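# Breakdown of the fold
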Amino acid sequence: MKQFIDFIPLLLFFIVFKIDPRVVDIGGYQLSVGGIYSATAVLILSSLVVYGTLFIKQRKLEKSQWLTLIACLVFGSLTLAFHSETFLKWKAPVVNWLFALGFIGSHFIGDQLLIKRIMGHALTLPEPVWTRLNIAWIGFFLFCGAANLFVAFTFQSYWVDFKVFGSLGMTLLFLVAQGIYLSRHLHDADTTTPKTED
């Protein structure tokens, strides 16, 4: 669910981007709507609203949410300041690769793999399965970053569509594959968990 919350600002970004550029009068102020730059402004504002609401409600944000928000503010602000969409094209690759770096780092730092820290409260799995799962997430984030970068600078007329629907599609496929993989190993965890007498 947390992953899909991240797509709310992205979907709003997509909707505004697809609007034919026009100038609208709101309360006596003329605003440009449609196209990459107004979509970027909506991305920044909606990210602040979504994550701000989560912060007020939960009294905290997870590290991944902080990273997403900061990246949005930095790359979005640079895009608007320099009037260049190149900065925004780098946002998805950089964020994905930083996530991959976090999962890689957990193999060497700390007493638990990052995936186990995230999902360990809900699942009991053998250690080799946690390791394979962590490596799978590393591969997923590396691939997503490379795919976003390739499309953004090779198929420039489609990069926004891919940024929204390609990212969402890849995430859904990966989560389904992870679910199938986990379903095969949950019984292994059951046999390793000691049973208690009533």
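Residues numbered from 1 in each chain as written. Predicted model: local features only at pLDDT ≥ 70, side-chain atom pairs only at ≥ 80, totals over all residues. Heavy atoms only, no water.

This next bit is on a nonpolar patch on the surface. Taken together, the side chains of Phe55, Ile56, Trp66, Ile70 and Val74 present a nonpolar region at the surface, about 480 Å² in accessible area. When contributions to the nonpolar patch are tallied by element, the ones reaching two or more residues are helix H3 (36-58) and helix H4 (63-82). Tallying contributions element by element places H4 first for the nonpolar patch, with three residues. On the basis of relative accessibility, which here comes to 42%, the residue Val74 falls in the partly exposed class. (Patch = residues over 30% accessible without salt bridge, like charges linked within 9 Å, V, L, I, M, F, W, Y side chains within 5 Å. Areas by Shrake-Rupley, 256 points an atom, 1.4 Å probe, with all protein chains shown as cover. Salt bridge = Lys/Arg side-chain N within 4 Å of Asp/Glu carboxyl O. Helix = DSSP H or I, 4+ residues; strand = E, 2+ residues; numbered from the N terminus. Buried < 20%, exposed > 50% of the residue type's maximum accessible area, 1.4 Å probe, protein only.)

With that settled, the discussion passes to the packing of helix H2 (residues 7-18) against H3. The contact between H2 and H3 brings their axes to 8 Å, and the two run at 155 degrees. Here H2 lies roughly antiparallel to H3, going by the angle between them. The chirality of how H2 crosses H3 is right-handed. Where H2 abuts H3, its residues Ile8, Pro9, Leu10, Leu12, Phe13, Val16 and Phe17 lie against Ile36, Ser38, Ala39, Thr40, Val42, Leu43, Ser46, Ser47 and Val50. (Axes fitted to C-alpha atoms, helices over the stretch in contact; angles between N-to-C directions. Parallel < 35°, antiparallel > 145°, perpendicular 65-115°, else oblique. Left-handed = near helix turned anticlockwise from the far one by under 90°. Contact = heavy atoms within 4.5 Å.)

A few words on the UniProt feature "transmembrane region" (unreviewed entry) in the protein. UniProt feature "transmembrane region" (unreviewed entry): in the numbering of this structure it lies at residues 31-54, 66-82, 94-114, 135-158 and 164-182. Annotation note: span residues 135-158, helix share 83%, strand share 0%, distance between end C-alpha atoms 30 Å. (UniProt positions renumbered as here; feature names shortened; annotations may be inferred.)

Across all of its chains, the model carries 14 aromatic pairs by this definition. Ring geometry for Phe103 against Phe141: centres 5.7 Å apart, planes inclined by 35 degrees, an arrangement best described as tilted. Taken as a pair, Phe103 in helix H6 (residues 91-105) and Phe141 in helix H8 (residues 127-154) lie far apart in primary sequence, 38 residues in all. On the numbers, 5.5 Å between centres and 35 degrees between planes, the contact of Trp137 with Phe141 is tilted. On the criterion of helical spacing, the pair formed by Trp137 and Phe141 is a turn pair, its members being four residues apart in helix H8. Put simply, the rings of Phe99, Phe103, Trp137, Phe140, Phe141 and Phe174 touch in pairs and so form one group of aromatic residues. Looking at Lys89, its charged tip hangs above the ring of Phe153, at a distance of 5.3 Å from the centre. (Phe/Tyr/Trp six-rings, centres within 6.5 Å; stacked < 30°, edge-to-face > 60°. Lys NZ or Arg CZ within 6 Å of the ring centre and 35° of its normal.)

With that settled, the discussion passes to the state of the cysteines. This structure, assessed with the given rule, holds zero disulfides. Residue Cys72 stays outside any disulfide, its sulfur separated by 18 Å from that of Cys144, the closest cysteine. (Disulfide = S-S within 2.5 Å.)

The subject of this paragraph is H4. Under the 1.5 Å per step criterion, the end-to-end length of H4 is 28 Å for 20 residues, consistent within 8% with the ideal 28 Å. For H4, the set of buried residues is Gln65, Thr68, Leu69, Ala71, Cys72, Phe75, Gly76 and Thr79. Along H4, the residues classed as buried sweep out an arc of 165 degrees about the axis, all on the same side. Of the exposed residues in H4, the ones pointing more than 90 degrees away from its buried face are Lys63, Ala81 and Phe82. In the core, the buried residues of H4 are packed alongside H3, helix H5 (86-89) and H6. After H4 finishes, the residue His83 shows a positive phi value of roughly 50 degrees. (Expected span 1.5 Å × (residues − 1). Arc of directions from axis to C-beta.)

Among the structural elements, Asn134 can be located in helix H8. Relative accessible area serves as the criterion here: at 0%, Asn134 is assigned to the buried category. Each C-alpha atom, one on Asn134 and one on Ser106, is 8.9 Å from the other, the two residues being 28 residues apart in sequence. Other than its neighbours up to four places away in sequence, Asn134 contacts Phe103, Ser106, His107, Leu113, Leu114 and Ile115.

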